[in-house]
Amino acid sequence: LVLAAVHKTGYDQIKISTNSPKQIDLIIQKVHRELVNLDVSQTKKDEITLSRTTEHSPEQFASTINKSFHSTELVFNNGLRLLNNQTEDNYSLVFSSEIYNNRLTNFCERLISKYTNITEGAHFLYIIIWNLESICDNIRDMAKTMQSAGVKPNKMIVSEYESILKEYKEWSKNFHRM
């Protein structure tokens, strides 16, 4: 959590003191799984340095927020697929698409933090982006619970989920009209 928060603030280089090679491995996994435009630039026995991999600019924001909305819909659709058919492939789709959504929403939040004048109402957009990530986290958690408990959803749950997905699509469409 701390690493993602520091990344979102816009730092171009982050040095982290570590206690073990296992900590370094966990940090590398988190960077590759969740953080866009950040990679390992140096490792030492008790320290890892992460650096920005490419230049980024405020112009990337519009396309990245659009991708964030689309990735949220992708997670929703994969969640619906899972509710209708609990296969390992469908669980995997939910988990991998949720990671993709995390990467995009984290990068949007980073751009807003780094370029505070990126767009009018940037702080409001930060909250929207944070909610896109939260929606996907809830779908991931639903999938984890279903997987660990062997839960099979009933038709009412599937129907409610479909109506929430429909509302999300309408909300997303209205957001893009603004």
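Keep in mind that what you see is a predicted model, and the values were worked out from it rather than measured. (Residues numbered from 1 in each chain as written. Predicted model: local features only at pLDDT ≥ 70, side-chain atom pairs only at ≥ 80, totals over all residues. Heavy atoms only, no water.)

### Quick notes on the overall build of the protein chain
- If you tally the helices and strands in the protein chain, you get six helices and three strands.
- When the helices and strands of the protein chain are placed in sequence order, the string is α-β-α-β-β-α-α-α-α.
- Its C-alpha atoms give the protein chain principal-axis dimensions of roughly 55 × 40 × 20 Å.
- Long-range pairs, those at least 24 residues apart, make up 72% of the contacts in the protein chain with a sequence separation of at least 6.
- Carbon together with sulfur atoms contributes 54% to the accessible area of the protein chain, which is approximately 10200 Å² in total.
- Each charge sign in the protein chain was given a centre, from 21 positive and 21 negative side chains, and these centres are 2 Å apart. (Helix = DSSP H or I, 4+ residues; strand = E, 2+ residues; numbered from the N terminus. Contact = heavy atoms within 4.5 Å. Areas by Shrake-Rupley, 256 points an atom, 1.4 Å probe, with all protein chains shown as cover. Lys, Arg positive; Asp, Glu negative; His and termini not counted. Charge placed at Lys NZ, Arg CZ, Asp CG, Glu CD.)

### Looking at the packing of aromatic side chains
- Tallying each qualifying case throughout the model produces seven aromatic pairs.
- Aromatic pair F76 and Y161: ring centres 5.8 Å apart, planes at 65 degrees, arrangement edge-to-face. Placement of F76 in helix 3 (residues 60–84) and of Y161 in helix 6 (residues 155–177) is noted, with a sequence separation of 85 residues between them. For the pair formed by F76 and Y161, the shared burial category is buried.
- Seen in terms of ring centroids, F76 and Y168 are 5.2 Å apart; in terms of plane orientation they differ by 35 degrees. Their pairing is tilted. Remark: Y168 occurs in helix 6 and F76 occurs in helix 3; sequence separation between them is 92 residues.
- The class for F76 is buried, based on a relative accessible area of 5%.
- For Y168, a relative accessible area of 5% puts it in the buried group.
- Through pairs of rings, three or more aromatic residues link up here, namely F69, F76, Y161, Y168, W171 and F175. (Phe/Tyr/Trp six-rings, centres within 6.5 Å; stacked < 30°, edge-to-face > 60°. Buried < 20%, exposed > 50% of the residue type's maximum accessible area, 1.4 Å probe, protein only.)

### Quick word on the packing of helix 2 (residues 21–34) against helix 4 (residues 88–114)
- With their axes 7 Å apart at the nearest point, helix 2 and helix 4 run at an angle of 85 degrees to one another. Our classification of the angle between helix 2 and helix 4 gives roughly perpendicular. Between helix 2 and helix 4, the contacting residues are V31, H32, R33 and E34 on the first element and I99, N102, R103 and N106 on the second.
- Tallied by class, residues from the contact of helix 2 with helix 4 come to two nonpolar, three polar and three charged. (Axes fitted to C-alpha atoms, helices over the stretch in contact; angles between N-to-C directions. Parallel < 35°, antiparallel > 145°, perpendicular 65-115°, else oblique. Nonpolar A, V, L, I, M, F, W, Y, C, P; charged D, E, K, R; others polar.)

### What about the nonpolar core?
- The biggest cluster of nonpolar side chains holds 29 residues, and the ones touching the most others in it are F61, I65, F69 and L125.
- Secondary structure elements with two or more residues in this core: helix 3, helix 4, helix 5 (122–149) and helix 6.
- Among the elements that take part in this core, helix 5 stands out by supplying nine residues, more than any other.
- Among all residues touching F69, those that are not within four sequence positions of it are I128, L132, Y168, W171, S172, F175 and H176.
- Membership of the second largest hydrophobic core comes to ten residues, among which are L3, A4, I24 and V31. (Core = buried A, V, L, I, M, F, W, Y, C linked by side-chain atoms within 4.5 Å.)

### Remarks on the environment of N78
- Here N78 lies in helix 3.
- Look past the residues within four positions of N78 in its chain and what remains in contact with it is L93, V94 and S97.

### Here we look at the sheet that holds strand 3 (residues 47–52)
- With antiparallel pairing, three strands are arranged side by side in an open sheet as 1-3-2. What marks the edges here is a single partner per strand, and that holds for strand 1 (13–17) and strand 2 (38–44). Averaged over all neighbouring strand pairs, the angle between strand axes comes to 20 degrees, with direction disregarded.
- Here strand 1 runs beside strand 3; their pairing, made up of five bridges, is antiparallel. The residue of strand 3 that forms the bridge with I14 is L50. (Pairing = 2+ DSSP bridges.)

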